[in-house]
Amino acid sequence: MPMRRASLSLLFPFLLVSLTAPEPALRFRRYFVAAESYESVGVFDVDKNDTLDIVSGDFWYEGPHFRQRHLIGNEPRKDQYFDDFSTIPMDVNADGRLDFITGGWFDQTLRWVENPAAGNGKTQWPLHEISKVGNVETTRAWDVDGDGKLDIVPNNPGHPLKYLKLVSPGKFQTITVAPTQGHGLGFGDINGDGRGDLIVSDGWLEAPANRIAGSWELHKEFSLGTASVPVIAADVNGDKLTDLVVGQGHNYGLHWYEQTKNNTGQRSWTKHVIDEKNSQYHCLEWVDITGDGRPELVTGKRYRAHNGKDPGAEDSVGLYYFTWNAAQKQFVKHDIASGPAGVGKGTGIYFAVADLHKTGRKDIIVAGKDGLTIFFNEGFQRK
C-alpha cells in the first residue's frame, strides 16, 4: 500500500502539469510590403495568372513576392484618412476579371473599382459610383437573401440600414432593411430558422421569408456600444445556439455574448470577457488558421482609429488570434505582433486572411496607418 501511494504522488504532478500546459502557438514570419497608410486590404488574382495578388488603396502588388507595385488610381487624402474603407473582390461587370468594392466616410459613396482589360499594370482602374449611402464606416459582403450570391452591406452610422444586390453587370438594387443603424454590423442566423439575420449595435433584425419585400423585425435584446465590423455570429461553445463575438471599435473591450433559452424558448444573452486590456478592436475575422477544422478569432487593435482620440490610443498596438478552450469555456489569446507602433501591428479597418503561397496554411494580410504587412503562417512552433 505505501508503494501505491508513492506512485500516485509521482503521477499527480505530471497530470497537473499536463492539464495546465499552455496551448501550442502558431509561428508567423513578418514580411513588410509598403509604408502606405491605407486602412483596407484585399487579396485576389488581379492578372489571372493563378497567383494571388494584394490590393490596397491606390496600388496592387504582384504575387508571389509582392515587390512589384502597380498604380490603381489617385484617391485624395481626407484629413488623416484615405476615403477607402473596404476591399471586397467581386466581378461586377461579368467580364471574368475581379474588380473590388469600397466606400468612403467623407464622400458618403459606395463605389466599385474596375479591373481594366489591359494587363500591363500601367492602366488606372476606372471608378464607378454605386450609390450615395451615407457615411461609410466600412463595408462587408454577405449572402443576405440566400440566393448563393454575395450582397454588399455598408455600415452607415446614423443612416438607413440597407444591402445592395448585383442584379445585372454593373447594376445594383438597393433594399432598405431599417430606418437607421449605429456603429457596428454583423450577419448570421440568430434564431435558427435557416435565414441570415442582421446584427446592429442595439439588437438584431429578424430576416423575413421575403428579404427584398418583407419587413425586418428589430429585437432589442442587447446593446453593443461602438461595436466592431463585423460582429461575429457563431456557435462559440457548441450548444447549437448562435452566439456573438464583439469588439469595441472605439473603446476598450472584446467580448462574446452567449445565447441561452429557457424552458419556454425565451432568449437571453450573457456577456463574457475575452480581452479588456486593449482598445479599438474594430475588425474581426472568424476563420480556421490553425488547420484543425475549427475557426479561430483573428483581430487586433486598430492603430489611430480616430487619429489618437480614442481611449487607449497611446497604448501598444497588436495583432492576435484567439482559440476556444472548451474545457475552460473561454478564449485563449495568442500574440502575433504586439508592442509600440512600429513593433506591434495594427489591423486597420479591413484586413484579409488567405493562403498566399498555396502552403495549406492561411496567412494574415493587414493594412493601416502603420503600413502594409503580411504575416506568413509557418505552422506550429517546434519544441
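Being a predicted model, the structure only gives us computed values, none of them experimental.

> Please explain the pairing of strand β29 (residues 363–366) as it appears in this structure.
Within a regular beta strand, the side chains point alternately toward one face of the sheet and then the other, so they alternate between its two faces. Burial along β29 is two-sided: the face carrying Asp363 and Ile365 and the face carrying Ile364 and Val366 are both buried. Note: strand β28 (residues 352–354) against β29, 3 bridges, orientation antiparallel. Considered in β29, the bridge of Ala352 is made with Ile365. One ladder, built from 3 bridges, connects β29 with strand β30 (residues 372–380); its direction is antiparallel. Note that in β30 the partner of Ile365 across the bridge is Ile374.

> How should I be thinking about the packing of aromatic side chains in this particular structure?
What characterises a pair of aromatic rings is the spacing of the ring centres plus the angle enclosed by the ring planes. The full count for this structure, using the stated rule, is 14 aromatic pairs. Plain terms: the ring middles of Phe59 and Tyr61 are 6.5 Å apart, the flat faces sit at 55° to each other, and that makes the pair tilted. With respect to class, Phe59 is no different from Tyr61; both count as buried. An aromatic cluster of at least three residues, connected via ring pairs, comprises Tyr38, Phe59, Tyr61 and Phe82. Across the ring face of Phe59, the terminal group of Arg69 is positioned such that the distance to the ring centre comes to 3.9 Å. The side chain of Lys333 reaches across the aromatic face of Tyr320, ending 4.1 Å from its centre.

> When you look at the sheet that holds strand β17 (residues 197–200) in this model, what are you seeing that I'm missing?
Either a parallel or an antiparallel arrangement is found when strands of a sheet pair, and the pairing is made through backbone hydrogen bonds. Taken in spatial order, the 4 strands line up as β16-β17-β18-β19 in an open sheet, and their pairing is antiparallel. Looking along the sheet, the strands with just one partner apiece sit at the ends: β16 (186–188) and β19 (217–219). Strand-to-strand, the axes of this sheet are offset by a mean angle of 25°, without reference to chain direction. As judged from the 3 bridges shared by strand β18 (residues 203–206) and β19, these two strands associate in the antiparallel manner. Its bridge partner lying in β19, Glu206 is registered against Glu217.

> Sorry if this is basic, but what is going on with unusual backbone geometry here?
Note: most residues except glycine have negative phi, and most peptide bonds are trans. Put simply, Gly63 and Pro64 share a cis peptide bond, and its omega is 10°. Following the sequence through the fold, Pro64 ends up in the loop between β4 (59–61) and β5 (69–71). Across the junction of Val229 and Pro230, the peptide omega takes the value 10°, indicating a cis bond. Phi is positive for Arg304, close to 55°, though the residue is something other than glycine. Structurally, Arg304 is set in the loop between β25 (296–300) and β26 (317–325). With phi around 55°, Lys358 is a residue other than glycine that occupies positive phi space. Relative to the elements of secondary structure, Lys358 occurs in the loop between β28 and β29.

> Explain the sheet that holds β5 here, please?
Strands sit in the order β2-β3-β4-β5 across an open sheet of 4 strands; the sheet is antiparallel. Among the strands making up the open sheet, the edge pair consists of β2 (42–44) and β5. Adjacent strand axes in the sheet meet at a mean angle of 25°, parallel and antiparallel pairs treated alike. Direction of pairing for β4 relative to β5: antiparallel, over a ladder of 3 bridges.

> Before we go on, may I ask you to explain the environment of Ala178 in this structure?
Tracing the sequence through the fold places Ala178 in strand β15 (residues 171–178). Given the relative accessible area of 9%, Ala178 is considered buried. Sequence spacing of Ala178 and Trp216 is 38 residues, and the spatial spacing of their C-alpha atoms is 7.2 Å. Residues within four places of Ala178 in sequence aside, it is in contact with Pro160, Leu161 and Leu205.

> Hey, could you run me through the pattern of salt bridges in this one?
Pairing between side chains of opposite charge can happen when their charged atoms approach one another. All told, the structure shown has 17 salt bridges when counted by the stated rule. As a salt-bridge pair, Arg27 and Glu378 come within 3.4 Å of each other at their nearest N and O atoms. Placement of the pair is Arg27 in strand β1 (residues 26–34) and Glu378 in strand β30, with a sequence separation of 351 residues. With a shortest N-O distance of 3.0 Å, Arg29 and Glu378 are connected by a salt bridge. Of this pair, Arg29 sits in strand β1 while Glu378 sits in strand β30, placing them 349 residues apart in sequence. Residue classification places Arg29 among the partly exposed positions, given a relative accessible area of 36%. Each of Arg27, Arg29 and Glu378 takes part in a single network of salt bridges with overlapping partners.

Reading guide: rules and limits
- Residues numbered from 1 in each chain as written.
- Predicted model: local features only at pLDDT ≥ 70, side-chain atom pairs only at ≥ 80, totals over all residues.
- Heavy atoms only, no water.
- Buried < 20%, exposed > 50% of the residue type's maximum accessible area, 1.4 Å probe, protein only.
- Helix = DSSP H or I, 4+ residues; strand = E, 2+ residues; numbered from the N terminus.
- Pairing = 2+ DSSP bridges.
- Phe/Tyr/Trp six-rings, centres within 6.5 Å; stacked < 30°, edge-to-face > 60°.
- Lys NZ or Arg CZ within 6 Å of the ring centre and 35° of its normal.
- Axes fitted to C-alpha atoms, helices over the stretch in contact; angles between N-to-C directions.
- Contact = heavy atoms within 4.5 Å.
- Salt bridge = Lys/Arg side-chain N within 4 Å of Asp/Glu carboxyl O.

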